[in-house]
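# Survey of secondary and tertiary structure
Chain residues, written in single-letter form:
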Amino acid sequence: MSSVEKRIGFALLVAVIYLGNAASCIAEPLDHSHSTRPPARSLSRDRLEWPALSDVKRTLLLRDYNTRIVAIGTTMLGAAAGIVGVFMLLRKRSLIGDVVSHSTWPGIAIAFLVMERIKTDGGKWLPGLLVGALLAGVAGILCTKLILRYTRIKEDAALAIVLSVFFGAGMSLFKAVQYIPSGSQAGLNHFILGKTASMVSADVWIIGEASLAILIVIGLLFKEFSLLSFDDKFASSQGWPVFRLDLSLMLLVAGVTVIGLQSVGLLLVVAMLITPAAAARFWSDRLGRTTAIAACLGGSGAFCGVLLSAMFPRLAAGPVIVLTGALFFIISLFLGVRRGVIVRIVTHRRLKTAVGRQHILRALFEYLEPHCDPAAPMSSQLVNHIVSANELLPMRSWTLKRLRHLLRTAEKSNFIAVVREGGYRMTNRGAELAHRVVRNHRLWELYLIEHADIAPSHVDRDADDIEHLLAADIVESLERLLSERYPHMTVPPSPHAIDSAPGSTIRQSTS
Amino acid sequence: MIRSVLAQQSRSKIENEHPASSPLSIHDMTVAYHRKPVIWDIDYTAPLGKLVAIVGPNGAGKSTLINAVLDLVPKASGEVRVFGEEYRKQRDRVGYVPQRESVDWDFPVNALNVVAMGLYRKIGWCFPVMRRHRQTAMEALDRVGMADYAKRQISQLSGGQQQRVFLARALVQDADLYLMDEPFAGVDASTERAIVEILRELRERGRTTLVVHHDLQTVTEYFDHVMLLNMRLVATGPTSEVFTRENLRKTYGGKLALLDQVGHKMTLGESGG
Amino acid sequence: MNSPATLNSIDSTRRSAAGRYVVATLSLGACLALAMLLRKALNVCGWDAYDTWTVVTAALAAMACSLPGVFLVMRRQSMMGDALAHTTLPGIVVAFLLAHSLQQAGWISSATYDSWRHAAMFIGALVIGVVSAVLTEWVQKLGRVEASAALGVVFTTLFAVGLLLIRLKADQVHIDPDCVLYGIIETTVMDTVPNTQIPRAAVVNGLVLLANLLLVTLFFKELRISAFDAAISTTMGINSHAMHYALMAVTAATLVSAFESVGSILVIAMLIAPAATAHLLTDRLDRLIAISLAVAALSAFLGHLSAITLPSIVFTRLGYPEVVDTSTAGMMAVAAGGLFTIAAMFGPRYGVISKVLDQARLSRSIIAEDILGLLYRMEEESDATALALNQLTAMIGTRTWPTYLAARGLAASGDVAVRGSSYELSPPGRERAKRLVRAHRLWESYMAKHFDLPADHLHESAARVEHFLGAELREELAAELEDTAEDPHGREIPPEQG
């Protein structure tokens, strides 16, 4: 178990204990008296008022029954959405969540109408509404699939059409429903932008059960879903029911979307699917870990969002959750340890430095080579010569400024030493490395010449030892070839002529 | 006389066409996209325990042939038998190496995970990948000379190494018939050699392998049998007999323009009678 | 040259010339009748000037949207339109805030406030359009995030920002998020240009439509090439990046002008649905644009009509007579969806139904030709020349019903003669059959020459292909083969003529 996994595990444990503690209080709202918020504290409604310290404390410790409920519910939702989102991201279907969420709207309205017909004022029974939403969401997906199957319309347009037409139908139904005199339709529109504050413990139970079911399904079918996302052609050739697996993944998306309607609303729930998953990709190159991280990011983003909106009553929970997620995304984008921008810049820098060092050492080596006695070992002779920057300049196409910079860095790393103003000499360490670099470089060059067809692409020819990348027999044959041609040298000479006039400017070291 | 007409119309008995001993027999298979045939009336019986190259120019339908055998694309007509039975019933005995470009190599898995995917069918629904499965996968990676790279994320592998991982994934299946779609495309010399070694090893163990191959130079060196394909089967048989200048000219001497024209007419669905 | 085919074709051109005239007259009449009916129908449901202006405003908005939509669909960036529809929200809010604070500061008078606000909104939209495109690209490039995911992250975030801004500044901006999201065409129409009946929104949308039309006409070439192939257009000196950003900016500006009428979510329908519908009906870009404009206008009309008629009909049945109308914007989206479905079903070339009909027609003609071929082979091999229906069915291997239909069709066209309950070839039918058998045997010879296929496998393929070998292809086949006297089975290949 690596340290990353341990850290994630620890974070999860803390979160579970924290939430579990809070969850144990769901059953009996202990301090209901506290849960009613103090009356409006300010007359100016323009400003975002800062909460009192006691409020902050109460919110953070989840003393508030309402906050507690909402926090638990949305955290579970966030985690489930993060996990499902990873697979959608990997299947490059992130936006299907947007279609599902918009499509749920007419389902909610129809479910309301049906239930209202069955029982007056019974239209707002939440499980019924959610089932209606789920069915409509699935219908949206099926419509998209039908359009793709039977028309020449491409996926992007199919998604946009289904999304907007379903939403339009929902709007029309909703407006019509407004006329119905029963009055219980008030609050239906909370599904659009979400209203966490109106959640009660029964809602949280629904969210919790649904999230748990989604987690279990993903857990059981993890292997299958990962195969589907990586290589559906291979999966299909192996006899996995690719279409049905795909559909069940879509069903999970619909499930997440539907239970997310209440807290973030149908316009923004897609963010909970996409953002944590996209953020998690910056942290890991392993599917299992990516999924776990997405769950953590999704859960904690939702949790923080809820707490923030509890502290600042004017901040609606939905947008705040989305923005917290976006903040996590930005942080991950820059700090992510696998694909984050900073890591990539650092790696790039490091590579550039290494390449620069190799270049300078090779230039030194190749400059000195003609002046060494071929009979004696090279490395001991290399340290005896003094070279100036101007002499090295024609060895490569580099500017004097860059060359000086490289010399400075090489000196700092103790590969060369300054003998006097503008005169450099290789150290033993430097000579050794130069020896190895040149040998590798020349072996690679020879390999490219001998086996010209195709060479591996991701190779730094100076740094990577050829033995690590090519089969032993090839390296052996290459080395044999070289020693046959140049029996007197330990380091194989360059197979191409080095473009520099072997000057007479070599001075013997004064020391 | 009616009988003779009927006899002409009736299909030959399938049992005769598909001997159970043959690892793969294709009977009059036509594959069409949007009604336009891409490959026409392939009739082929693969020899047991041989290395077969599927050779033909670009767009000749080589990959389509493999995809149709594996039920990945629908067949317009014809039948395919694997060891005398339908492919669906013999899936465990068929290993498949898709083209390297067919997947997203940025996917967050390492080489070992990819190889383990070849075992998923054996593992079955819902069961996780166990230690022994990972061991099997590791052995397969070792066989293709990639054991040191097991933990590398797949995007960090070179083209040849990625191809070896795909090969290892097929090897863990321990199939009797292997279908490989351009395993030599864009790989380095040492990978090519490693793959050839594996192919020969498979042949020694009596497995049959069909390989879509591009490099005409190496066909005679690597393969015993060859299948020359250009929208239709041009010739098939032992390399020494079939891989002739004349047959190659027939295969590579341009597409049969008529096939394209007829195919186009079939797409339009206009009867020409 | 009096082969039946030529005769047929002359006949059919003559028929079609006459037919065209009749169809034109009929359709003119139908249009008139429809218009009168429509007028009556509209009168019945209480249509008045207000409704007309609603439709005009909505139609102008929809048409303005459909123009950039065409290029979004062609460039496969429809979801970018969806994203823009969401991201314009913060743009609108910021513009409102800006105009408001300028007014507060006394920089602009209340009289001109509205026009300032509109100007600010337009600029805000242009900016936000480019900003969303740039941000998406950044996330995509910088983080190597997959394109649609990058889009998803950016647009949800910006939308959330917009929503929060509305909540926080509700007192200053006077924007009801509901209006922005769903549109309030019902009240926008009331806001008219002074001294006229013309709604201000209609003028705005009309101007945007004109501007878009102008842009499309001016840059038609460039738009077409960059939508078709970005790489080629770049090599031709048209910067596809710049085109992309320009399209995004124009789309956002159009969306902003339309959001008051149809709401920022439903503009997606107006953006994409008309263009996609047109794409089902034509392959030419100029026609595509014309059709999508028409579809946009039609969906506005149908949308409003159904919004004021449908609910009372449906909901009265359900027992809620209180429901009188519903959202025009919502119904416009539904109408656009309906038009799309109709096009998908009945489109002349790509429609599902027409494909099914084509298939049915094809299989009927194939059975008919199989009958002809069968009868010809019977004549060739024996003296028995007539076959009963059940014999035909058994030999062709179909069911009775299609065979019967095909045989009746042949009898009607005079290709077979009915003798009692049996069918036999008539002279013109024999000619047709001869050509068919010729095609069959030529194909067999061709395959025998080029395919590695046993001789007894040739028949099946030829039986499938023979139906598609017209005179030209037969000629080419014959030219390709050295010997056209006999097929590989040693049967005679009938000559083309005589």
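Helix and strand content of chain C: 21 helices and three strands. In terms of C-alpha radius of gyration, chain C reaches 32 Å, well past the compact-globule figure of 23 Å for 498 residues. Expressed along its principal axes, the backbone C-alpha trace of chain C runs to roughly 105 × 60 × 45 Å. Within chain C, the fraction of its 498 residues that count as buried is 51%. When contacts within chain C are restricted to residue pairs at least 6 apart in sequence, long-range pairs at least 24 apart make up 71% of them. A distance of 4 Å separates the average location of the 36 positive side-chain charges in chain C from that of its 44 negative side-chain charges.

It is worth spelling out the packing of helix 3 (residues 53-60) of chain A against helix 14 (residues 287-311) of chain A at this point. Residue and element names in this part refer to chain A. Look at helix 3 against helix 14: their axes get within 10 Å of each other, and the N-to-C directions meet at 150 degrees. Taken together, the axis directions place helix 3 and helix 14 in an arrangement best described as roughly antiparallel. When the axes of helix 3 and helix 14 are compared, the crossing they make is right-handed. Residue-level contacts link Val56, Thr59 and Leu60 of helix 3 to Leu307, Ala310 and Met311 of helix 14. Counted by class, the contact of helix 3 with helix 14 contains five nonpolar, one polar and no charged residues.

The subject of this paragraph is the interface of chain C and chain A. Tallying the contact residues gives 67 residues for chain C and 62 residues for chain A. Between chain C and chain A, the buried area comes to about 5600 Å², and carbon and sulfur atoms account for 71% of it. A per-residue breakdown of the area chain C buries against chain A is headed by C:Met79, C:Leu168 and C:Tyr320, which together make up 11% of the total. At the junction of chain C with chain A, the criterion picks out 13 residue pairs in polar contact (both at pLDDT 80 or more). Taken together, the residues of the side of chain C that touches chain A sort by class into 38 nonpolar, 16 polar and 13 charged.

Residues and elements named next belong to chain C. One open sheet holds the three strands; their spatial order is 1-3-2, and the pairing between them is antiparallel. Since the sheet does not close on itself, it has two edges, and those belong to strand 1 (387-388) and strand 2 (416-419), each with one partner. As paired strands, strand 2 and strand 3 (residues 422-425) are joined by four bridges and run antiparallel to one another. Each bridged residue has a counterpart across the sheet, and for Ala417 the counterpart in strand 3 is Glu424. Contacting strand 1, strand 2 and strand 3, helix 16 (residues 352-381) crosses the sheet at an angle of about 75 degrees to strand 3.

All right, on to the interface of chain A and chain B then. Of the residues lining the interface, 40 residues belong to chain A; the matching set on chain B comes to 44 residues. Buried surface at the junction of chain A and chain B, summed over both partners, amounts to about 3500 Å²; 59% is from carbon and sulfur atoms. Scanning the region where chain A abuts chain B turns up three salt bridges. Across the salt bridge formed by A:Arg339 and B:Asp106, the nearest N and O atoms sit 3.6 Å from each other. Taken together, the links from chain A to chain B amount to 12 residue pairs in polar contact (both at pLDDT 80 or more). Sorting the residues of the side of chain A that touches chain B by element identifies helix 10 (222-230), helix 11 (232-237), helix 14, helix 21 (466-469) and helix 22 (472-485) of chain A as the ones contributing at least two each.

This part is about the environment of C:Thr234. All names here are of chain C. The residue Thr234 is located in helix 11 (residues 230-235) in this model. Judged by relative accessible area, which is 42%, Thr234 ranks as partly exposed. Here the alpha-carbon distance between Thr234 and Pro427, two residues 193 residues apart in the chain, equals 62 Å.

Core analysis: the largest hydrophobic core is formed by 287 residues, its most contacted members being A:Phe167 and B:Leu141. When residues in this core are grouped by element, the largest group, 16 residues, is from helix 4 (residues 65-90) of chain A. Those residues in contact with A:Phe167, other than ones at most four positions away along the chain, are A:His102, A:Trp105, A:Ile192, A:Leu266, A:Leu267, C:Tyr182, C:Ile265 and C:Leu266.

Because each turn of an α-helix spans 3.6 residues, side chains separated by three or four positions end up pointing in the same direction. End to end, helix 13 (residues 269-280) of chain A covers 18 Å across 12 residues, agreeing with the expected 16 Å (1.5 Å per residue, within 8%). Of all the 12 residues making up helix 13 of chain A, 12 are buried; the element is thus mostly covered by neighbouring parts of the structure. Buried within helix 13 of chain A are the following residues: A:Val269, A:Val270, A:Ala271, A:Met272, A:Leu273, A:Ile274, A:Thr275, A:Pro276, A:Ala277, A:Ala278, A:Ala279 and A:Ala280. Looking at the buried residues of helix 13 of chain A, the elements they touch are helix 4, helix 5 (96-118), helix 12 (242-264), helix 14 and helix 15 (317-335) of chain A together with helix 5 (147-168) of chain C.

Our next topic: helix 15 (residues 328-346) of chain C. End to end, helix 15 of chain C covers 26 Å across 19 residues, agreeing with the expected 27 Å (1.5 Å per residue, within 8%). The residue sitting at the N-terminus of helix 15 of chain C and contributing the capping side-chain oxygen is C:Ser327; that oxygen lies 3.4 Å from the backbone nitrogen of C:Ala329.

This part takes up the packing of aromatic side chains. In total, this model carries 14 aromatic pairs over all chains according to the counting rule given. The interplanar angle of 65 degrees and the centroid separation of 6.3 Å between the aromatic rings of B:Tyr222 and B:Phe223 together place this pair among those described as edge-to-face. There is no split in this pair, since B:Tyr222 and B:Phe223 are both buried. Here a set of aromatic residues connected by ring pairs shows up, and it is made of A:Phe230, B:Trp105, B:Phe107 and B:Phe166. Here the guanidinium or amino end of A:Lys223 rests over the ring plane of B:Tyr120, the centre of that ring lying 5.6 Å away.

All right, on to unusual backbone geometry then. The phi torsion at A:Asn414 lies on the positive side, around 70 degrees, for a residue other than glycine. Locating A:Asn414 in the fold gives a position in the loop between helix 19 (400-412) and strand 2 (416-420). The residue B:His34 is not glycine, and still its phi comes out positive at about 50 degrees. Within the secondary structure, B:His34 sits in the loop between strand 1 (24-33) and strand 2 (36-45).

Residue and element names in this part refer to chain C. Secondary-structure assignment places Ile367 in helix 16. Through-space distance from the C-alpha of Ile367 to that of Gly397 is 9.7 Å; in sequence the pair is 30 residues apart. Setting aside anything within four residues of it in sequence, one finds Ile367 in contact with Ile396, Thr398, Pro402, Thr403 and Ala406.

Residues and elements named next belong to chain A. Per the counting criterion, the structure on display carries 35 salt bridges over all chains. Its salt-bridge partner being Glu366, residue Arg362 comes within 3.6 Å of it at the nearest N-O pair. Placement of the pair is Arg362 and Glu366 together in helix 16 (residues 341-368), with a separation of four residues, close to one helical turn. The pair Arg362 / Glu366 is uniform in exposure class, with both members buried.

Criteria and cut-off values
Residues numbered from 1 in each chain as written. Chains lettered and ligands numbered in written order. Predicted model: local features only at pLDDT ≥ 70, side-chain atom pairs only at ≥ 80, totals over all residues. Heavy atoms only, no water. Helix = DSSP H or I, 4+ residues; strand = E, 2+ residues; numbered from the N terminus. Rg over C-alpha atoms; globule rule 2.2 N^0.38 Å. Buried < 20%, exposed > 50% of the residue type's maximum accessible area, 1.4 Å probe, protein only. Contact = heavy atoms within 4.5 Å. Lys, Arg positive; Asp, Glu negative; His and termini not counted. Charge placed at Lys NZ, Arg CZ, Asp CG, Glu CD. Axes fitted to C-alpha atoms, helices over the stretch in contact; angles between N-to-C directions. Parallel < 35°, antiparallel > 145°, perpendicular 65-115°, else oblique. Left-handed = near helix turned anticlockwise from the far one by under 90°. Nonpolar A, V, L, I, M, F, W, Y, C, P; charged D, E, K, R; others polar. Buried area = accessible area lost by both parts, 1.4 Å probe. Polar contact = N/O pair within 3.5 Å; in protein donor to acceptor, adjacent residues only side chain to side chain. Pairing = 2+ DSSP bridges. Salt bridge = Lys/Arg side-chain N within 4 Å of Asp/Glu carboxyl O. Core = buried A, V, L, I, M, F, W, Y, C linked by side-chain atoms within 4.5 Å. Expected span 1.5 Å × (residues − 1). Phe/Tyr/Trp six-rings, centres within 6.5 Å; stacked < 30°, edge-to-face > 60°. Lys NZ or Arg CZ within 6 Å of the ring centre and 35° of its normal.

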